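Each chain is listed here by its residues.
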Amino acid sequence: MLKDMFAKDSSLSFEVFPPKKDDEFENCYKVLDSLATLNPDFISVTYGAGGSRSKKTVDITSYIQNTLKLDAMAHMTCVGSSEEDILAVTKDLEAAGVSHVLALRGDKPRDMSDEQFEKRIFPHATDLIQFLNKNTNLNISASCYPEKHPEAISMDSDIAFMKMKQDMGAKMFISQLFFDNADFYRFVERASQAGITVPIVAGIMPITSAKQIGSTVTLAGSSVPKKLADICARYGEDAEAMRAAGIEYAINQIQDLKRCGMGHIHIYCMNKAKMTAEICNAL
Ligand code: FAD
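Residues numbered from 1 in each chain as written. Predicted model: local features only at pLDDT ≥ 70, side-chain atom pairs only at ≥ 80, totals over all residues. Heavy atoms only, no water.

## Here's the deal with the packing of helix α7 (residues 155-168) against helix α8 (residues 181-193)
And step 1. Orientation of α7 relative to α8, taken along the N-to-C sense of each, is 60°, at an axis distance of 10 Å. With respect to their mutual orientation, α7 and α8 come out oblique. Considering how the two elements wind past one another, α7 and α8 form a crossing that is right-handed. Residues M155, D156, I159 and M162 of α7 touch α8, and the partners they reach there are F187, R190 and A191.
And step 2. Looking at the contact of α7 with α8, its residues break down into five nonpolar, no polar and two charged. (Axes fitted to C-alpha atoms, helices over the stretch in contact; angles between N-to-C directions. Helix = DSSP H or I, 4+ residues; strand = E, 2+ residues; numbered from the N terminus. Parallel < 35°, antiparallel > 145°, perpendicular 65-115°, else oblique. Left-handed = near helix turned anticlockwise from the far one by under 90°. Contact = heavy atoms within 4.5 Å. Nonpolar A, V, L, I, M, F, W, Y, C, P; charged D, E, K, R; others polar.)

Shown next as structure tokens:
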């Protein structure tokens, strides 16, 4: 799959999350069945920051890989993990035939003290990437941040660490969500000048409810351009109109990216199959 990403100048991938409750898994698998009909290049599955729910990620990636026969990518965070924890998960992934991980540090889990966070075994994604590269045969991708990571002291330092991820073995980057393509174009240019040569996939999150701006988007540290803020102000109280306007915004973003030669698109589809299908059909 990674080989294909280099060979092609465009790709389409989706991101799903494991449901919180066990009885929601059936529905999650139905969502995946629908997403599979859209022929994505791969589907990625998120991972709890502390790693406590890693089995759910393994189960879902296994379903994608073995039942749907699509390429699956497992996200993996290291903030709360020991080397043994990481090896146990990679063993499960390899046993399930899942060969691609998105190696992340993760955010400090709520139940982790500041002291534990300071003393974490893997300080950064770079350490996890190096460890995975040395101890497993997994294909490794990593995250990147078009508006810089909120903790980064500068864009230059964030991109320098991105380069370190590539040097340690990351073969592809998936970007944090962004709403202003100009930010992404500037970022790709700077990353290229810093020596990033592997594909950078654009992360697109459709905003179908104004509430998302207050929750997910704030957490991600992404800025909200006036045009999107105006849409939320105008349609925020009208669920259907907001949904339609948010989907249209995402479609316009993707079309503009493709026109500008940035054809690798990752949709944060939030387990919404119908919304994802509407976007893909419009493209
Ligand atoms: P890092 O790359 O370690 O970066 C964190 C900060 O440290 C940055 O400021 C960076 O500049 C700096 N830094 C990086 N390397 C070094 C170094 N070697 N030395 C010093 N400083 C360094 N979270 C989840 O919990 N589960 C998920 O499934 C998940 N999926 C994600 C998918 C994508 C595409 C993205 C973009 C994010 C995802 N996240 C997920 C969120 C992510 O865990 C957070 O953004 C987290 O705060 C940083 O993780 P990272 O791997 O980017 O960290």
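This is not the end of the story, as more comes after the structure.
## Some remarks on the nonpolar core
And step 1. Of all hydrophobic cores here, the largest spans 91 residues; its most connected members are L32 and L35.
And step 2. Per-element tally for this core: the top contributor is helix α11 (residues 239-259), with eight residues.
And step 3. Ignoring anything within four residues of it in the chain, the contact list for L35 reads F14, V16, P40, I43, C269, A273 and T276. (Core = buried A, V, L, I, M, F, W, Y, C linked by side-chain atoms within 4.5 Å. Buried < 20%, exposed > 50% of the residue type's maximum accessible area, 1.4 Å probe, protein only.)

## Quick word on the site of the ligand
And step 1. Around the ligand sit 25 residues in total, of which Y47, D107, Y145, D158 and K165 are the nearest.
And step 2. A distance of 2.6 Å is found between an oxygen atom of the ligand and a side-chain nitrogen or oxygen belonging to Y145.
And step 3. One of the side-chain N or O atoms of D158 is found 2.5 Å from an oxygen atom in the ligand.
And step 4. Here the ligand, which alone exposes 970 Å², has 87% of that area covered by the protein. (Near = heavy atom within 4 Å. Polar contact = N/O pair within 3.5 Å; in protein donor to acceptor, adjacent residues only side chain to side chain. Areas by Shrake-Rupley, 256 points an atom, 1.4 Å probe, with all protein chains shown as cover.)

Don't take any of this as a statement about function, it's just geometry.
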